[in-house]
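# An overview of the molecular structure
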Amino acid sequence: PVPFGSLVVRDELQSQGYSPGSIRIPVRTAPDLTTWRNRGFPVNIEYRSPQGPVIDVSSSRLDAAFSGAYLRSFRLADPEWIPPLSAAFDWVAEQLGFASETRSGRVVIPHYLVLGRDELQLRFDMRPMNRGDCVATPAELRATIDADSTVDLSRAYRFARMPNIGFFGSSGFPFTRMADLSGTAVVLPDRPNAIETQAYLDLIGQLAAQTGLAATGIQVVGPASLNSAATRDLLVIGTLSRQPALNQLLQESPVRQEGERLLIAVPDMLTEVRQAFWEAPSRAERNRAVATVTDAGEGMGAIIGAQSRLQSDRSIVAITGATPAALTAAVAALRDPALLPRIQGDVALIQGERVESFRVQTPYYVGELPWWLWPQAWVSGQPLRALGVLLLAGIALGFPAFWMLRRRALSRLRGHGGA
């Protein structure tokens, strides 16, 4: 569990006025979080606020949200209908030295809301007591969130289905898995031009801003030195005609480079069979991607995710385009709040204000899970696999029961025959 005081300075946990702005606590993490049955992450909040007599405690509250999604509200004081017994407990606690003016509450962040670059938002909403027209109320009301409040991600395991360029767009994953980008290698053309250099600096600046640390662990290589970066995740930058590493790195994927054009292989007849029993993209999705690439003009930029052929547990993200302007547009799309949510799957094609995303590659997994979470990961999102598990479980339970009942029936028949 991480205390709020280690994420923000204490002054930022203070609130002033009846209805101030939100207190924002950054929650930066990689989005490859997996929990048992997708359980959420607990947040323990301790807070202090005025108890009266100018505050209407029956309607005042502390609201908690996560990246704009409402979670729950907490009372600033107990309502009048709380039994007097609690007051007796408070008196005993005060006499023993355990009394505290700090209240506490607990909220759970749903698993699906944690995307990597998020924030916890806490907002005091204190309603003034109606004291009459001629009675002034103080304007300098103060409330605070205790710095010892915690957010707890420790129940999660690091495990993700890849390729997923949505993760890259939202939080820079997998490169931001290490805050100083020490697991990252950038592949640039042998003689990068000004556009490619600018794209490189823009992207690394974005990644460093997301982690909050300088990118001191990064490695930069050329197409001829790929083997020296085999143990790293690769960020490939360059226009199609000037980046020969693309063909080498994408050899085992359906995405191909042909001169200044990007091609996607047409699906074969076994695609539907693979989709039914394994995690494979649908034939219709592949055909849609093939048609889009074929009809695209020269100004098309692309963001491509793939498994590294140098090491199976490493990933590749390639940012490219048919022209320097297309490459610049692909990088700019990662900063555009209107275009960024459309960058999903493993191939995103960008042309002007139009972004189309596809899933055309067989997925792979990065990270580790304990053995007891593998069944959940194996059947997640796969109804046919879940049906197969239920069928096998029915057979495993049914055959022993049938054998036992049959033996019992035969013994009963033998007993009747002897009589």
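What comes next is a walk through the structure. Treat the numbers as computed from the prediction; the structure is a model and nothing was measured.

Rules behind the numbers
- Residues numbered from 1 in each chain as written.
- Predicted model: local features only at pLDDT ≥ 70, side-chain atom pairs only at ≥ 80, totals over all residues.
- Heavy atoms only, no water.
- Helix = DSSP H or I, 4+ residues; strand = E, 2+ residues; numbered from the N terminus.
- Buried < 20%, exposed > 50% of the residue type's maximum accessible area, 1.4 Å probe, protein only.
- Contact = heavy atoms within 4.5 Å.
- Areas by Shrake-Rupley, 256 points an atom, 1.4 Å probe, with all protein chains shown as cover.
- Patch = residues over 30% accessible without salt bridge, like charges linked within 9 Å, V, L, I, M, F, W, Y side chains within 5 Å.
- Salt bridge = Lys/Arg side-chain N within 4 Å of Asp/Glu carboxyl O.
- Pairing = 2+ DSSP bridges.
- Axes fitted to C-alpha atoms, helices over the stretch in contact; angles between N-to-C directions.
- Lys, Arg positive; Asp, Glu negative; His and termini not counted.
- Polar contact = N/O pair within 3.5 Å; in protein donor to acceptor, adjacent residues only side chain to side chain.
- Parallel < 35°, antiparallel > 145°, perpendicular 65-115°, else oblique.
- Charge placed at Lys NZ, Arg CZ, Asp CG, Glu CD.

## As for the overall build of the protein
Along the backbone of the protein there are nine helices and 22 strands. A total of 419 residues make up the protein; the buried ones form 43% of that total. In the protein, 75% of the contacts between residues at least 6 apart in sequence involve partners at least 24 apart. For the protein, the exposed surface amounts to about 22500 Å²; the carbon and sulfur share of it is 57%.

## Here's the deal with a nonpolar patch on the surface
Among the surface-exposed residues, W36, Y157, W371, W372 and W374 lie close enough to one another that they form a single nonpolar patch of about 610 Å² accessible area. Along the chain, the position of Y157 falls in strand 12 (residues 157-162). Among the residues examined, Y157 registers a relative accessible area of 30% and is labelled partly exposed.

## Digging into the environment of S171
Summarising the element assignment, S171 is placed in helix 2 (residues 165-171). If we ignore the near neighbours within four places in the chain, the residues touching S171 are P31, L115, G116, R117, T176 and Q210.

## A look at the sheet that holds strand 20 (residues 347-351)
Read across the sheet, seven strands follow the order 14-13-15-19-18-20-21 without closing on themselves; strand pairing throughout is mixed. A strand with exactly one partner marks an edge of an open sheet, and here the two such strands are strand 14 (219-221) and strand 21 (354-358). Across the sheet, the mean angle separating the axes of adjacent strands is 15° when strand polarity is ignored. As defined by bridge partners, strand 15 (residues 233-237) adjoins strand 19 (residues 315-321) across four bridges and the pair is classed as parallel. Residue pairing in the sheet places L234 in a bridge with I316 of strand 19.

## Details of the side chain of D118
Relative to the helices and strands, D118 resides in strand 9 (residues 117-125). Buried within the structure, D118 lacks any salt-bridge partner; its nearest side chain of opposite charge belongs to R117, at an N-O separation of 7.8 Å. Engagement of the side chain of D118 in a polar contact is seen with the side chain of S67, the distance being 3.2 Å. In terms of polar contacts, D118 uses its side chain to reach the backbone amide nitrogen of L115, at 2.9 Å.

## Here's the deal with the environment of S357
Along the chain, S357 falls in strand 21. Accessibility expressed as a relative area gives 17% for S357, which makes it buried. For the pair S357 and I303, spaced 54 residues apart in sequence, the C-alpha separation works out to 9.2 Å. Residues contacting S357, with those up to four places away along its chain left out, are E285, R288, R342, I343, Q344, V347 and A348. Engagement of the side chain of S357 in a polar contact is seen with the backbone nitrogen of Q344, the distance being 3.1 Å.

## A closer look at the packing of helix 3 (residues 194-211) against helix 7 (residues 324-333)
Between helix 3 and helix 7, the least distance of the axes is 10 Å, while the angle of their chain directions is 5°. Accordingly, the angle class assigned to the pair helix 3 and helix 7 is roughly parallel. Side by side, helix 3 and helix 7 meet where I195, E196, A199, D202, L203 and Q206 of the first sit next to P324, L327, T328 and V331 of the second.

## Focus on a positive patch on the surface
Residues R37, R39, R106 and R155 make up a contiguous surface patch of positive charge. Here R106 falls in the partly exposed class, since its relative accessible area comes to 43%.

## Topic: the pattern of salt bridges
The full count for this structure, using the stated rule, is eleven salt bridges. Here R177 makes a salt bridge to D233, at a shortest N to O gap of 2.9 Å. Of the two residues, R177 sits in the loop between helix 2 and strand 13 (184-187) while D233 sits in strand 15, which places them 56 residues apart along the sequence. Among the charged side chains, a network of salt bridges with common partners joins R61, D63 and D125.

## Considering the sheet that holds strand 12
Pairing is antiparallel in the open sheet, where three strands are placed in the order 4-12-22. Lying at the two open borders of the sheet, with one neighbouring strand each, are strand 4 (33-34) and strand 22 (364-367). Sheet topology note: the strand 12/strand 22 ladder contains four bridges and is antiparallel. Each residue of the ladder has a partner; that of M162, found in strand 22, is Y364.

## Side note on unusual backbone geometry
For the peptide bond that leads from M162 to P163, omega is 0°, which places it in the cis range. On the secondary structure map, P163 appears in the loop between strand 12 and helix 2. Residue P174 is bonded to the preceding F173 through a cis peptide linkage, with omega at 10°. With respect to the helices and strands, P174 occurs in the loop between helix 2 and strand 13. In the Ramachandran plot, L181 falls in the positive-phi region, its phi being about 60° despite a non-glycine side chain. Position of L181 relative to the elements: it lies in the loop between helix 2 and strand 13.

Function cannot be inferred from these measures alone, as they are strictly geometric.
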